[in-house]
Amino acid sequence: MPDGVPTWEEIARDHGRFLYRVAFRLTGNDDDAQDLVQEALIRVQRGLERYQPGSLEGWLARIVTNVFLDEVRRKRRRPTDSLPDDPERVLPSSPGADEVSTVLSTHVQAALDALPEEFRVPVVLCDVGDLTYEDIAATLGVPVGTVRSRIHRGRKLLRASLGGERTA
Amino acid sequence: MSTPDPTDELLSAYLDGEVTTDERSTVADALARSADCRAALAELAVARDAVRGLGDPELPAEFLADIERAVAAGRTTQAAAAAAVTDAGSDGSRPRRGLAWLAGGAAAAALLAAMVIPATDRVDPAVRARVDAHAARSSVSDDPVSELAPVATATGGPRR
């Protein structure tokens, strides 16, 4: 392996949790996040020879996002493939009264889930994946100005969903 | 209908440090003269901080157990997996969602095992060999995952 290029195992060991974090915030549930991570790691293995040393987590976020978007497109093409609604997945279990942070996280994740993908993906890549707007633009294949606009609108929608007053 | 503030869309980028020098000056001026602009920035900061503050979702314990099972199943069905890959049809079906298909894709399972077992030297030679084998298969296939679907059926049940 060339200098600066990590091995597959190193990526899985050192960055697997990062992949799972991004996947979880994109999908909003553990099952789909696990599927995303699995497929992403396979694509990492297939693409590692082409990896150019640079922002490794940017590259990984791009892969997991592409897996997510592929899955979204697949579901749109074949809606009958969708898994039946599972109330336990849709409605998180009620936390105890002392689990304030869990409640808040659940609330924020629900608001994130409610965002249309075109806004959710750039917001997650920015605020969870910590990618630059330029990296997000490259990931999504859109101009940086579009990324800027989508993140802005996504945050406004999020704020409204969290109890804010601004939606325009 | 009010005219949108031209600086409005710059506010999120400003929060993220994704503005040019000129844009930064424009936003700074707007913030200095407009309480509405300051309030809008604060609202955006709340949304941004809420997402950034989510923290790490915990990797479920059963995920680890499933991975270990997938690796183990892959070891015991290596010959079957190889045969299935060779003989796989092309019906276009997608592999079943879940970890069981990893039993046939031991390379990914090995990766996941490495991911969740943060030791420095825990991947044994057999797994390494399987990683290489999977890489070889992947290099000649457009969709090695789908090809492994029959193996998934043969080697595991649903994750839950």
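Reading the values: the criteria
- Residues numbered from 1 in each chain as written.
- Chains lettered and ligands numbered in written order.
- Predicted model: local features only at pLDDT ≥ 70, side-chain atom pairs only at ≥ 80, totals over all residues.
- Helix = DSSP H or I, 4+ residues; strand = E, 2+ residues; numbered from the N terminus.
- Contact = placed C-beta atoms within 7 Å.
- Buried ≥ 20, exposed ≤ 12 C-beta atoms within 10 Å, placed from the backbone.
- pLDDT = per-residue confidence, 0-100.
- Expected span 1.5 Å × (residues − 1).
- Axes fitted to C-alpha atoms, helices over the stretch in contact; angles between N-to-C directions.
- Parallel < 35°, antiparallel > 145°, perpendicular 65-115°, else oblique.
- Nonpolar A, V, L, I, M, F, W, Y, C, P; charged D, E, K, R; others polar.
- Core = buried A, V, L, I, M, F, W, Y, C linked by C-beta atoms within 7 Å.
- Left-handed = near helix turned anticlockwise from the far one by under 90°.

Describing the overall build of chain A
Consideration 1: Along chain A, the regular secondary structure elements total 8 helices and 0 strands.
Consideration 2: When contacts within chain A are restricted to residue pairs at least 6 apart in sequence, long-range pairs at least 24 apart make up 63% of them.

Examining the overall build of chain B
Consideration 1: Looking only at helices and strands, chain B has 9 helices and 0 strands in total.
Consideration 2: Each helix (α) and strand (β) of chain B, taken in turn from the N terminus, gives the series α-α-α-α-α-α-α-α-α.
Consideration 3: When each of the 160 residues of chain B is scored for burial, the buried share is 39%.

As for unusual backbone geometry
All names here are of chain A.
Consideration 1: Unlike most non-glycine residues, Asp130 shows phi in positive territory, near 60°.
Consideration 2: Checked against the element boundaries, Asp130 lands in the loop between helix 6 (117-127) and helix 7 (133-140).
Consideration 3: On the basis of neighbour counts, which here come to 15 C-beta atoms within 10 Å, the residue Asp130 falls in the partly exposed class.

Overview of the confidence of the model for chain A
Consideration 1: The pLDDT averaged across chain A works out to 82; a share of 82% of its residues lies at or above 70.
Consideration 2: Scored below 50 in pLDDT, residues 81-95 of chain A shows 8 contacts in the model against residues more than four places distant or in partner chains.

Considering the environment of A:Val142
Consideration 1: If you trace the backbone, A:Val142 turns up in the loop between helix 7 and helix 8 (144-161).
Consideration 2: Overall, the presence of 15 C-beta atoms within 10 Å leaves A:Val142 in the partly exposed class.

Here we look at helix 3 (residues 35-52) of chain B
Quick reminder: α-helices carry 3.6 residues per turn. Residues three or four places apart thus point the same way.
Consideration 1: For helix 3 of chain B, which comprises 18 residues, the first-to-last C-alpha distance of 25 Å matches the rise-based estimate of 26 Å (1.5 Å per residue) to within 8%.
Consideration 2: For helix 3 of chain B, the set of buried residues is B:Ala40, B:Leu41, B:Glu43, B:Leu44, B:Ala47, B:Arg48, B:Ala50 and B:Val51.

Some details on the confidence of the model for chain B
Residues and elements named next belong to chain B.
Consideration 1: Put simply, chain B has an average pLDDT of 60, and 34% of its residues get 70 or more.
Consideration 2: Of the regions scoring below 50 in pLDDT, residues 70-105 engages in 77 contacts with residues more than four places distant in sequence or in other chains.
Consideration 3: Throughout residues 117-160 the model reports pLDDT below 50, and contacts reaching past four residues in sequence, or to other chains, amount to 75 contacts.
Consideration 4: Under the prediction, the complex receives an ipTM of 0.78, its pTM being 0.66.

Thoughts on the packing of helix 7 of chain A against helix 8 of chain A
Residues and elements named next belong to chain A.
Consideration 1: At a closest axis distance of 8 Å, the pairing of helix 7 and helix 8 adopts a crossing angle of 105°. In terms of orientation, helix 7 and helix 8 fall into the roughly perpendicular class. Across from Tyr133, Glu134, Ile136, Ala137 and Leu140 in helix 7, the residues of helix 8 making contact are Val144, Val147 and Arg148.
Consideration 2: By residue class, the composition of the contact of helix 7 with helix 8 is 6 nonpolar, no polar and 2 charged.

Description of the nonpolar core
Residues and elements named next belong to chain A.
Consideration 1: Of all hydrophobic cores here, the largest spans 57 residues; its most connected members are Ala23, Ala40 and Val64.
Consideration 2: Considering every element that reaches this core, the biggest residue donor is helix 1 (residues 8-27), with 9 residues.
Consideration 3: Other than its neighbours up to four places away in sequence, Ala40 contacts Leu19, Ile63, Val64 and Val67.

Focus: the packing of helix 1 of chain A against helix 2 (residues 30-47) of chain A
How two helices pack is summed up by the angle between their axes together with the distance between the axes.
Residue and element names in this part refer to chain A.
Consideration 1: The geometry of helix 1 relative to helix 2 is characterised by a closest axis approach of 8 Å and an angle of 140° between their N-to-C directions. By the angle between their axes, helix 1 is oblique relative to helix 2. By crossing handedness, the relation of helix 1 to helix 2 is classed as right-handed. For the pair formed by helix 1 and helix 2, the contact residues are Trp8, Ile11, Ala12, Gly16, Leu19, Tyr20, Ala23, Phe24 and Thr27 on the first element and Asp30, Asp32, Ala33, Leu36, Val37, Ala40, Leu41, Val44 and Gln45 on the second.
Consideration 2: Here the contact of helix 1 with helix 2 is built from residues that sort into 13 nonpolar, 3 polar and 2 charged.

Brief notes about the environment of A:Thr106
Consideration 1: Counting through the fold element by element, A:Thr106 comes out in helix 5 (residues 100-114).
Consideration 2: C-alpha of A:Thr106 to C-alpha of A:Gly28: the two residues are 78 residues apart in sequence and 9.5 Å apart in space.

Quick word on the environment of A:Val108
Consideration 1: Relative to the helices and strands, A:Val108 is located in helix 5.
Consideration 2: The class for A:Val108 is buried, based on 21 C-beta atoms found within 10 Å.
Consideration 3: In this structure the C-alpha to C-alpha distance between A:Val108 and A:Leu158, which are 50 residues apart in sequence, comes to 8.2 Å.
Consideration 4: Ignoring sequence-local partners within four residues, the contact set of A:Val108 consists of A:Leu162, B:Ala50, B:Val51 and B:Leu54.

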